[in-house]
Amino acid sequence: MVPLEWYIALSTVIFIIGVTGFLIRRNIIIMLICIELMLNAVNLSLIAFSHYLQDLKGQILVIFVITVAAAEAAIGLAILVALYRNKAVVHTDKLTEMKG
Amino acid sequence: MLPQVFFAYFAIVTIALSLIIITRKNPVHSVLWMLVLFFHIAGLYLFLNAEFIAAVQVILYAGAVLVLFLFVIMMLNLKEELSSERFIGEWPIGVALGLSILLFVFFSISKFIAGPSGEFTIERILKETHTKAIGKVLYTEYILPFEVASLILLIAIVGAIVLAKKRT
């Protein structure tokens, strides 16, 4: 039997890799992929908890997370298409209109 | 022994694939590696007795979300992307930040105390079948969140069309 802590550790590592990728990449497509990576890490930890605590609520939550992830990917990619049509770049450091 | 070996294989492959994904220069390569990663995560779900979620993972993530990503990448002309720098100039700060969060969470994992167990033991789920057990909980106890989720999808559809539409 694999202990629950191993799953939490694995999920943490994947999540942190996603966070780091989001912070250091300049390509917006890869940043969106990193968000998917983070959501997957969260799903993994939710399912591990659901299995070890013998409660199905975690898996119900995973279904909702997958729904929101699909919606987020659709909206994010639509924003990307609109952005590319107006600016023809997908680099974060070339998008300085908002002076952020 | 065998479960640990399986877990070690899946853990090593998922971590290696995540590192590959965030360092590829070509987004298409990233997305294709992501496909392999999703199959491995589905394997981990099967390992945790969550067959339905594993199937949903493969169908929805690998089948729908990644195809969406590939479509958009193919629509954009990314020739110029491939010749430019892949990381931002301040990337060591980002890596240091990630590592510090990792250390912080790892210290707190050892302090973890499991809460009380629920009523869905593995034997009960096996007897009832997993999909049926999930369906019963989802459509009785969580029917309102389920409806809200459908609303979120509707907003996503409308929002995607409005955002990506050509301005007339």
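Residues numbered from 1 in each chain as written. Chains lettered and ligands numbered in written order. Predicted model: local features only at pLDDT ≥ 70, side-chain atom pairs only at ≥ 80, totals over all residues. Heavy atoms only, no water.

**Concerning helix 8 (residues 143-164) of chain B**
Stated formally: Going along the chain from the N terminus, every DSSP run of H or I of four or more residues is numbered as a helix, and every run of E of two or more is numbered as a strand. Multiplying 1.5 Å by the residue count of a helix minus one yields the expected span of that helix. Classification of residues uses two cut-offs on accessible area relative to the type maximum, computed with a 1.4 Å probe and protein chains only: under 20% is buried, over 50% is exposed, and between them is partly exposed. Here the arc refers to the directions that run from the helix axis out to each C-beta atom. The contact criterion used is simple: two residues touch if any of their non-hydrogen atoms lie within 4.5 Å.
For helix 8 of chain B, with 22 residues, the first-to-last C-alpha span of 32 Å sits near the 32 Å given by 1.5 Å per residue. Listing the buried residues of helix 8 of chain B in full gives B:Ala149, B:Ala156, B:Gly159 and B:Ala160. Looking straight down helix 8 of chain B, one finds that the buried residues subtend no more than 100 degrees of arc, so they occupy a single side. Among the exposed residues of helix 8 of chain B, those oriented more than 90 degrees off its buried face are B:Leu144, B:Ile155, B:Ile157, B:Ile161 and B:Val162. Contact partners of the buried residues in helix 8 of chain B: helix 3 (57-87) of chain A.

**A closer look at the packing of helix 2 (residues 28-52) of chain A against helix 1 (residues 2-23) of chain B**
The angle between the axes and the distance between the axes are what describe a pair of packed helices. Keep this limit in mind: Axis angles are defined between N-to-C directions and span 0 to 180 degrees, where every axis is a line fitted to C-alpha atoms and, for a helix, only to the segment in contact. Each angle is binned into one of four classes, with values under 35 degrees roughly parallel, values over 145 roughly antiparallel, values of 65 to 115 roughly perpendicular, and all other values oblique. What makes a crossing left-handed is the near helix being turned counterclockwise from the far one by less than a right angle; a clockwise turn instead makes it right-handed. Side-chain classes follow a simple rule in which Ala, Val, Leu, Ile, Met, Phe, Trp, Tyr, Cys and Pro form the nonpolar group, Asp, Glu, Lys and Arg form the charged group, and the remainder, Gly included, forms the polar group.
At a minimum axis separation of 9 Å, helix 2 of chain A and helix 1 of chain B run at an interaxial angle of 160 degrees. Taken as axis vectors, helix 2 of chain A and helix 1 of chain B run roughly antiparallel relative to one another. In this structure, helix 2 of chain A meets helix 1 of chain B at a crossing whose hand is left-handed. The segment helix 2 of chain A lies against helix 1 of chain B, with A:Ile30, A:Ile33, A:Cys34 and A:Leu37 engaging B:Ser18, B:Ile21 and B:Ile22. Considered class by class, the residues forming the contact of helix 2 of chain A with helix 1 of chain B number 6 nonpolar, 1 polar and no charged.

**Regarding the side chain of B:Thr14**
As for its position among the elements, B:Thr14 is in helix 1. With residues near it in sequence (within four places) discarded, B:Thr14 still touches A:Leu10, A:Ile14, B:Leu37, B:His40 and B:Ile41.

**Looking at the confidence of the model for chain B**
Basically, it comes down to this: Within a predicted model, pLDDT stands for the predictor's per-residue confidence, ranging from 0 to 100.
The predicted model of chain B has a mean per-residue pLDDT of 88, with 99% of residues at 70 or higher. Predicted as a complex, the structure gets a pTM of 0.90 and an ipTM equal to 0.89.

**Examining the environment of A:Leu56**
Topologically, A:Leu56 is positioned in the loop between helix 2 and helix 3. Relative accessible area serves as the criterion here: at 0%, A:Leu56 is assigned to the buried category. Separated by 10 residues in the primary sequence, A:Leu56 and A:Leu46 have C-alpha atoms spaced 9.9 Å apart. Setting aside residues no more than four positions away along its own chain, A:Leu56 makes contact with A:Ser50, B:Phe120, B:Ile125, B:Ala133, B:Ile134 and B:Val137.

**A word on the packing of helix 3 of chain A against helix 7 (residues 130-140) of chain B**
Two elements in contact, helix 3 of chain A and helix 7 of chain B, have axes whose closest approach is 10 Å; the angle formed by their N-to-C orientations is 80 degrees. As far as their axial angle goes, helix 7 of chain B and helix 3 of chain A are roughly perpendicular. Residues A:Gln59, A:Ile60, A:Ile63 and A:Phe64 of helix 3 of chain A form the contact with helix 7 of chain B, whose participating residues are B:His130, B:Ile134, B:Val137 and B:Leu138. Considered class by class, the residues forming the contact of helix 3 of chain A with helix 7 of chain B number 6 nonpolar, 2 polar and no charged.

**Describing helix 1 (residues 4-24) of chain A**
Its 21 residues give helix 1 of chain A an end-to-end C-alpha distance of 31 Å, which sits within 8% of 30 Å, the value for a rise of 1.5 Å per residue. Most of helix 1 of chain A sits inside the fold, with 15 of its 21 residues counted as buried.

**Thoughts on the packing of aromatic side chains**
For clarity, the threshold we go by: Each aromatic pair joins two rings of Phe, Tyr and Trp (for Trp, the six-membered one) with centres within 6.5 Å, and gets the label stacked for planes under 30 degrees apart, edge-to-face for over 60, and tilted for any other angle. Counted as over-ring charges are cases with an Arg CZ or a Lys NZ within 6 Å of the ring centre that also lie within 35 degrees of the ring normal.
Applying the stated rule across the entire model yields 9 aromatic pairs over all chains. With 4.7 Å between their ring centres and 75 degrees between their planes, A:Tyr7 and B:Phe7 make a pair best called edge-to-face. Residue A:Tyr7 is located in helix 1, and its partner B:Phe7 is located in helix 1; the two belong to separate chains. Here A:Tyr7 falls in the buried class, since its relative accessible area comes to 1%. Here the aromatic rings of B:Tyr9 and B:Phe10 are separated by 5.2 Å at their centres, their planes lie at 65 degrees, and the arrangement is edge-to-face. When its relative accessible area of 44% is taken as the criterion, B:Tyr9 is described as partly exposed. Taken together, A:Trp6, A:Tyr7, A:Tyr52 and B:Phe7 form an aromatic cluster joined through their ring pairs. Positioned above the aromatic ring of B:Phe120, the side-chain terminus of B:Arg124 is 4.3 Å from the ring centre.

**Quick look at empty space enclosed by the protein**
A water-sized probe, rolled over the atoms, reveals where empty space remains. Our working definition: The pocket and cavity definitions rest on a 1 Å grid over protein atoms only: a 1.4 Å probe that fits but cannot leave marks a cavity, an open set with protein on both sides within 12 Å along at least five of seven lines marks a pocket, and residues lining either have an atom within 4 Å of a point. Grid points are joined across faces, edges and corners, and a volume is the space filled by probe spheres set on the points. Residue ranges for the domains trace back to a domain assignment, done automatically or taken from a database.
Under the defined criterion, the tally for this structure stands at 2 cavities of 30 Å³ or more. There is about 110 Å³ of room inside the largest cavity. Considering the residues around the largest cavity, the lining is formed by 14 residues, among which A:His51, B:Leu48, B:Asn49, B:Ile122 and B:Ile125 are closest to the centre. Elements with a contribution of two residues or more to the lining of the largest cavity: helix 2 of chain A together with helix 6 (122-128) of chain B. The greatest single-element share of the lining of the largest cavity, amounting to 3 residues, is contributed by helix 6 of chain B. Looking at the lining of the largest cavity, its residues break down into 6 nonpolar, 6 polar and 2 charged. Mapped onto the domain boundaries, the lining of the largest cavity takes at least three residues apiece from domain 1 (1-78) and domain 2 (120-168) of chain B.

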